[in-house]
Amino acid sequence: MSLEHAIAVLEIAADNAEHNAPISQAEGNAAQADLQRVTAAECREAIKHLEQVAQ
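These numbers were taken from a predicted model, which means no experiment stands behind them.

Conventions we followed
Residues numbered from 1 in each chain as written. Predicted model: local features only at pLDDT ≥ 70, side-chain atom pairs only at ≥ 80, totals over all residues. Heavy atoms only, no water. Helix = DSSP H or I, 4+ residues; strand = E, 2+ residues; numbered from the N terminus. Expected span 1.5 Å × (residues − 1). Buried < 20%, exposed > 50% of the residue type's maximum accessible area, 1.4 Å probe, protein only. Contact = heavy atoms within 4.5 Å.

Colleague: Could you clarify how one ought to interpret helix 2 (residues 30-54) in this entry?
Modeller: Structural remark: α-helix, 3.6 residues per turn; residues separated by three or four positions point the same way. Over its 25 residues, helix 2 extends 36 Å from the first C-alpha to the last, a length consistent with the 36 Å expected when each residue adds 1.5 Å. Every buried residue belonging to helix 2 is among Ala33, Gln36, Ala40, Cys43, Ile47 and Leu50, and all of these are buried. Buried residues along helix 2 sit against helix 1 (3-26).

Colleague: I keep staring at the side chain of Ser24 and nothing clicks. Help me out?
Modeller: The residue Ser24 is located in helix 1 in this model. In contact with Ser24, other than residues within four places in its own chain, are Asn29, Gln32, Ala33 and Gln36.

Colleague: Just to check I follow, could you spell out the side chain of Gln36 for this structure?
Modeller: Examined against the element boundaries, Gln36 turns out to sit in helix 2. Of the residues examined, Gln36 reaches a relative accessible area of 11% and is grouped as buried. In this view, Gln36 contacts Ala17, Asn20, Ala21 and Ser24; residues no more than four positions away in its chain are not counted.

Right, here's the structure in full:
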């Protein structure tokens, strides 16, 4: 897997988690929403790290 591909996969995961968090919250599933927010943040952090490595 290339670095660019890894970043793209992480972006998709972060986008999905960010999209789903408010849905889970609205459904009353606060724990799942929290997990999705953490997942999105961790994916974004990993993307930043990979982008730094690529420089």
